[in-house]
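Okay, here's what each chain looks like letter by letter:
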Amino acid sequence: MFQTLLVAHDFSPSSNRALAHAVDIAARTGAALHLMYVDRTAEGVLFEGGKAPPDDELQDRFEERCHASLAPHDRSPAEDRVVCHAVRGVSPAPLLVEKAEEIDADLIVTGTEGRRGARRLIVGSVAEEVLRTAPCPALTVRQREDGGASGSTGEAEDASGSADEAPRSAVEQIVAPVDFSDLTEVALRHVARLAPLYDVPVRLVHVVEDPTMPSVYEVNASAVRARAAEERAEEALQSLGEPIEETGVSVSYLVHRGQTTSTVVEATGHQDTLTVMGTKGLSGLRRVMLGSVTEAVIRASDGPVLAVRASADGASSADE
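Please read these numbers as outputs of a predicted model, since none were measured by experiment. (Residues numbered from 1 in each chain as written. Predicted model: local features only at pLDDT ≥ 70, side-chain atom pairs only at ≥ 80, totals over all residues. Heavy atoms only, no water.)

Asker: Run through the overall build of the protein chain, naming residues and quoting values.
Answerer: Scanning the protein chain for helices and strands turns up 10 helices and 10 strands. Across the 320 residues that make up the protein chain, the buried fraction comes to 48%. Considering only contacts in the protein chain between residues 6 or more positions apart, those separated by 24 or more positions represent 81%. If you sum the accessible surface of the protein chain, you get close to 15,300 Å²; carbon and sulfur atoms cover 47% of it. (Helix = DSSP H or I, 4+ residues; strand = E, 2+ residues; numbered from the N terminus. Buried < 20%, exposed > 50% of the residue type's maximum accessible area, 1.4 Å probe, protein only. Contact = heavy atoms within 4.5 Å. Areas by Shrake-Rupley, 256 points an atom, 1.4 Å probe, with all protein chains shown as cover.)

This is the structure we're talking about:
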């Protein structure tokens, strides 16, 4: 399923969590592991005394730190399956996407701080920019609330750049939010491949929107229609899940009435849950106006989130 993984690695807590999941995937698939560090200032984590070393020294330091980061992982790939890339640049996301295209990556893995509100709008998110522009699916792993302060210096880690124990990378279930759009097919193709890989159950989730209506409307009639919609949605979910069940994977179904974003976040946000979602990869003003359930899940989830853009998966992107 995956032959080449590109991991954005800056030694921060979220980056270390992302690396743990990348190592796990590489062990399960035999994929090559490409680790990439983008240095933006002369005060970067690989510098001493604020003086930027030559490019070859930057590369050597990164390789040394990478091997230290991989050391705690019992399932670390052999050295000939690990490639390190240290580059300089102002904006990491375009460089990551460029490198993914260059090495024909099947998956980009990156950590994210999960910023929200005004700080996210001002600072932005490398992970979300990668998600919107990557030529392949992207797996994001958010920094946990109890994971210590984030920063390019990786202060939560020891001097070698690795924790005493590897961050947890267990996956105990796969959850796929389903909206019955073209994106559903995109996501479920990956679910069908990943479930046997991890040997875990799958849950398909659909939310029936339940708008608040004034009492002057026929509320009882609306409730009846909503219940009927839930029944039809559950039947449709079971139809989508049958091909996955035929592979021997246990599949359960959840149809919930409420607001889509909050319900999906609640269903997918657990540490040991791998969330698989299709996304249109909206950008610019349209994304700001419409928002994105996928980005909300990425900012809130304690578990890894695999986001697949329709165009990155080879599906139609006419709606983007």
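Asker: I'd like a rundown of unusual backbone geometry, residues and numbers included.
Answerer: With a phi angle near 75°, Phe 11 is a residue other than glycine that sits in the positive phi range. Within the chain, Asp 199 stands out as a residue other than glycine whose phi angle is a positive 55°. Along the chain, Asp 199 falls in the loop between helix H6 (182–198) and strand E7 (202–209).

Asker: Which residues make up the pattern of salt bridges, and what are the values?
Answerer: By the definition in use, this model includes eight salt bridges. For the salt bridge of Asp 24 with Arg 28, the shortest nitrogen-to-oxygen distance reads 2.9 Å. Placement of the pair is Asp 24 and Arg 28 together in helix H1 (residues 13–29), with a separation of four residues, close to one helical turn. A relative accessible area of 6% places Asp 24 in the buried class. Put simply, Arg 299 and Glu 128 hold a salt bridge, and the shortest N to O gap is 3.4 Å. Taken together, the residues span a long stretch of sequence, with Arg 299 in helix H10 (residues 293–300) and Glu 128 in helix H5 (residues 126–133) at a distance of 171 residues. Residues Arg 299 and Glu 128 agree in their burial class; the two are buried. (Salt bridge = Lys/Arg side-chain N within 4 Å of Asp/Glu carboxyl O.)

Asker: Give a description of the packing of helix H3 (residues 92–103) against H5 that names residues and reports values.
Answerer: As a packed pair, H3 and H5 sit with axes 9 Å apart at the nearest point and diverge in direction by 40°. Comparing the axis directions of H3 and H5 gives the class oblique. Of the two possible hands of crossing, H3 and H5 adopt the one that is right-handed. Facing Pro 92, Ala 93, Pro 94, Leu 96 and Val 97 of H3, the residues of H5 in contact are Val 126, Glu 129, Val 130 and Thr 133. Counted by class, the contact of H3 with H5 contains seven nonpolar, one polar and one charged residues. (Axes fitted to C-alpha atoms, helices over the stretch in contact; angles between N-to-C directions. Parallel < 35°, antiparallel > 145°, perpendicular 65-115°, else oblique. Left-handed = near helix turned anticlockwise from the far one by under 90°. Nonpolar A, V, L, I, M, F, W, Y, C, P; charged D, E, K, R; others polar.)

Asker: Explain helix H8 (residues 260–268) residue by residue, including any values.
Answerer: Among all positions of H8, only Thr 263, Val 264, Ala 267 and Thr 268 are buried. Summarising the axial view, the buried residues of H8 lie within an arc of 115°, below the 170-degree limit, and thus occupy one face. Buried-residue contacts for H8 involve strand E6 (173–177), E7, strand E8 (251–258), strand E9 (273–279) and H10. (Arc of directions from axis to C-beta.)

Asker: Could you give an account of the packing of aromatic side chains, with specific residues and numbers?
Answerer: Scanning the entire structure with this criterion turns up three aromatic pairs. Taking 6.2 Å as the distance between ring centres and 50° as the angle between the ring planes, the aromatic pair formed by Phe 11 and Tyr 37 counts as tilted. Here Tyr 37 lies in strand E2 (residues 32–39) and Phe 11 lies in the loop between strand E1 (4–8) and H1, a separation of 26 residues in the sequence. Judged by relative accessible area, which is 1%, Phe 11 ranks as buried. Residue classification places Tyr 37 among the buried residues on the basis of a relative accessible area of 5%. With centroids separated by 6.0 Å and ring planes inclined at 75°, the aromatic side chains of Phe 11 and Phe 62 adopt a geometry described as edge-to-face. (Phe/Tyr/Trp six-rings, centres within 6.5 Å; stacked < 30°, edge-to-face > 60°.)

Asker: Residue-level account of the environment of Leu 237, with values.
Answerer: Tracing the sequence through the fold places Leu 237 in helix H7 (residues 219–245). Placed 57 residues apart in sequence, Leu 237 and Phe 180 show a C-alpha to C-alpha distance of 8.7 Å. With residues up to four places along the chain from it excluded, the contact list for Leu 237 reads Val 178, Phe 180, Leu 204, His 206, Tyr 253, Leu 254 and Val 255.

Asker: Give me the lowdown on the sheet that holds E7, citing residues and values where you can.
Answerer: Either a parallel or an antiparallel arrangement is found when strands of a sheet pair, and the pairing is made through backbone hydrogen bonds. Reading across the sheet, the 10 strands line up as E3-E2-E1-E4-E5-E10-E9-E6-E7-E8 and stay open at both edges, with mixed pairing between neighbours. The sheet is open, and its two borders are formed by strand E3 (82–88) and E8, each paired with just one other strand. Across this sheet, the average inter-strand angle for adjacent strands is 20°, counted without regard to direction. Both E7 and E8 contribute to a ladder of eight bridges, which runs parallel. Looking at E8, one finds that Glu 209 is bridged to Gly 258. With respect to the sheet, helix H2 (residues 55–70) is in contact with E2 and E3, its orientation differing from that of E3 by roughly 135°. (Pairing = 2+ DSSP bridges.)

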